[in-house]
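Coordinate inspection notes
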Amino acid sequence: MSTFFSRSHRVARLVPAVLLALAAALVAPPASARSAPPGSLVHVGDSPYGVALTPDGRRAYVVATDPGTVAVVDTATGKAVGRVDVGPGAIDVAVTPDGRRAYVTSDTPSSLYGVVHVIDTATDKKVGSIPVGEVPLGLAVTPDGRRVYVVDTWSSTVSVIDTASGRNIGRIRVGDDPGTGSPVDVAISPDGARAYVAIAGDGVPDSVAVIDTATGKVVGWPGRIGGYTCGLAVTPDGRSLYVTARESTVHVVDTATGKAVGAPIAVGQEATDVAVSPDGRRAYVVNEIAQSVSVIDTATRTVLDTIPVEDGPTRIALTPDGRHAYVTLYYSDAVRVLDL
């Protein structure tokens, strides 16, 4: 396996720190129409990774991986107004559609398997932990809020959490063998009928597994999608799936046919995460080594702009009105709030 999945480098396998540090000294960020990031900077704690907004846009939950805390950011003031201690190994976060719960993946150092911590957003207290597979990373909540899908990177499975009971009700295999064809991210279709799982690793070609959420079965595998499939997002109309590849490209999959359409879209170096605007007109792509965010016109599939950000951008989340983007900065211990 690559360093990204090395068991002895828990953080490096999730955010390839060594590669980023070396490449940053050798690779200059691409030319941009902007000389500085638009918006504010919010310090949230050491090595932030996951970020999610509440449905009303009033709070952002940001996972600081090193201390194992979740910072609660007031989006009106741009200040961290609270912190939730969830313990070491915390990685990513998702908020339910009703805004009442936040779910945080954690690769617990003391256990072979990981957990998902549950936060009550009314009190900003941890109210439970749910066992999942080995090295959980990305996660997503269904539109009805009844299920949370969690990728178990080293187990080559997707855990399904029932939010009402707070239990893991099943694991869906998406790779041939544990440790190969590793799932790294997941997105849910707007109607909740499909879960799309980004697959990367040595066992199978980089691709996307399509899960029927009603049956819990894998029902599709689009062809090879780039090199080192990483992040993905579904358009609001459910017709297109945007998939990032660390070879610095973005691929668009037609969800009706399950096939990639058009040529790959060239973006900045080490494209990792992607978010689509609420109106579906733009896709925003995080480029880790390039230290930028590419703005894609979804109608023409062309890059309209490149926004520079600080060191170590990893994840991105958009406010419900689409006016701002929250980008976690792993090496800057902060979140850059972009004015879009």
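Computed from a predicted structure; not experimentally measured.

**A closer look at the overall build of the protein**
Of the regular secondary structure elements, the protein holds one helix and 28 strands. Taking the intrachain contacts of the protein between residues at least 6 apart in sequence as the baseline, contacts between residues at least 24 apart amount to 42%.

**Things to note about the layout of surface pockets**
Put simply, the largest pocket is a space of about 1200 Å³. Around the largest pocket, the lining comprises 39 residues; the ones closest to its centre are Val95, Ala140, Val141, Val276 and Leu318. Only β2 (48-53), β6 (90-95), β10 (136-141), β14 (182-188), β18 (229-234), β22 (271-276) and β26 (313-318) provide two or more residues apiece to the lining of the largest pocket. For the lining of the largest pocket, the residue count by class is 28 nonpolar, seven polar and four charged. The volume enclosed by the second largest pocket comes to roughly 180 Å³. Lining the second largest pocket are Thr54, Pro55, Asp56, Arg58, Arg59, Tyr61, Val72, Asp98, Gly99, Thr121 and Asp124.

**So, unusual backbone geometry**
Positive phi, close to 55°, is recorded for Ser47, a residue that is not glycine. Within the secondary structure, Ser47 is located in the loop between β1 (39-43) and β2. Judged by its relative accessible area of 8%, Ser47 falls in the buried class.

**Overview of the sheet that holds strand β21 (residues 259-266)**
With antiparallel pairing, the four strands of this open sheet are ordered in space as β18-β19-β20-β21. In this open sheet, the two edge strands, each paired with only one partner strand, are β18 and β21. Taken pair by pair, the neighbouring strands of this sheet meet at an average axis angle of 25°, ignoring direction. Across five bridges, the pairing between strand β20 (residues 249-254) and β21 is antiparallel. By the bridge assignment for β21, Val252 is matched with Val261.

**Quick look at the nonpolar core**
Side chains that are nonpolar tend, in soluble globular proteins, to be buried together. Within the largest apolar cluster, 29 residues are counted, with the highest numbers of intra-cluster contacts made by Tyr149, Val186, Val197, Leu232 and Leu241. Those elements giving two or more residues to this core turn out to be β10, β11 (147-152), β12 (157-162), β14, β15 (194-200), β16 (207-212), β18 and β19 (240-245). If you tally residues by element for this core, the top one is β15, at five residues. One finds Ala275, Val309, Val327 and Leu329 within the second-largest nonpolar core, a separate group that totals 14 residues.

**Details of the confidence of the model for the protein**
The pLDDT averaged across the protein works out to 87; a share of 85% of its residues lies at or above 70. Ignoring residues within four places in sequence, the model shows residues 1-33, a span with pLDDT below 50, making 73 contacts including any to other chains.

**Topic: the side chain of Glu270**
Mapping Glu270 onto the fold places it in the loop between β21 and β22. With relative accessibility at 15%, the residue Glu270 sits in the buried group. With sequence-adjacent residues up to four places away left out, Glu270 is seen in contact with Arg246, Ser248, Val286, Asn287, Glu288 and Ile289.

**Let's talk about the pattern of salt bridges**
Pairing between side chains becomes possible if they bear opposite charge and their charged atoms approach one another. Per the stated rule, a full pass over the model turns up twelve salt bridges. Put simply, Arg315 and Asp92 hold a salt bridge, and the shortest N to O gap is 2.5 Å. Of this pair, Arg315 sits in strand β26 while Asp92 sits in strand β6, placing them 223 residues apart in sequence. The salt bridge partner of Asp120 is Arg101, with a shortest N-O separation of 3.7 Å. With Asp120 in strand β8 (residues 115-120) and Arg101 in strand β7 (residues 101-106), the pair connects residues that are 19 residues apart, well separated along the chain. A relative accessible area of 16% means that Asp120 is categorised as buried.

**Focus on the side chain of Thr65**
Structurally, Thr65 is set in the loop between β3 (59-64) and β4 (69-74). Among the residues examined, Thr65 registers a relative accessible area of 10% and is labelled buried. Within the structure, the side chain of Thr65 is placed 2.8 Å from the backbone oxygen of Ser47, a separation counted as a polar contact. Contacts of Thr65, omitting those with residues within four sequence positions, involve Asp46, Ser47, Pro48, Tyr49, Gly89, Ala90, Ile91 and Tyr330.

**Here's the deal with the sheet that holds β12**
The four strands are arranged β10-β11-β12-β13 in an open sheet whose pairing can be described as antiparallel. In this open sheet, the two strands that pair with only one neighbour each are β10 and β13 (167-173). Each strand of the sheet is rotated relative to its neighbour by a mean of 25°, with strand direction disregarded. Across four bridges, the pairing between β10 and β11 is antiparallel.

What counts and how
Residues numbered from 1 in each chain as written. Predicted model: local features only at pLDDT ≥ 70, side-chain atom pairs only at ≥ 80, totals over all residues. Heavy atoms only, no water. Helix = DSSP H or I, 4+ residues; strand = E, 2+ residues; numbered from the N terminus. Contact = heavy atoms within 4.5 Å. 1 Å grid on protein atoms, 1.4 Å probe; cavity = no way out; pocket = protein on both sides within 12 Å on 5 of 7 lines; lining within 4 Å. Points joined across faces, edges and corners; volume = space filled by probe spheres on them. Nonpolar A, V, L, I, M, F, W, Y, C, P; charged D, E, K, R; others polar. Buried < 20%, exposed > 50% of the residue type's maximum accessible area, 1.4 Å probe, protein only. Pairing = 2+ DSSP bridges. Axes fitted to C-alpha atoms, helices over the stretch in contact; angles between N-to-C directions. Core = buried A, V, L, I, M, F, W, Y, C linked by side-chain atoms within 4.5 Å. pLDDT = per-residue confidence, 0-100. Salt bridge = Lys/Arg side-chain N within 4 Å of Asp/Glu carboxyl O. Polar contact = N/O pair within 3.5 Å; in protein donor to acceptor, adjacent residues only side chain to side chain.

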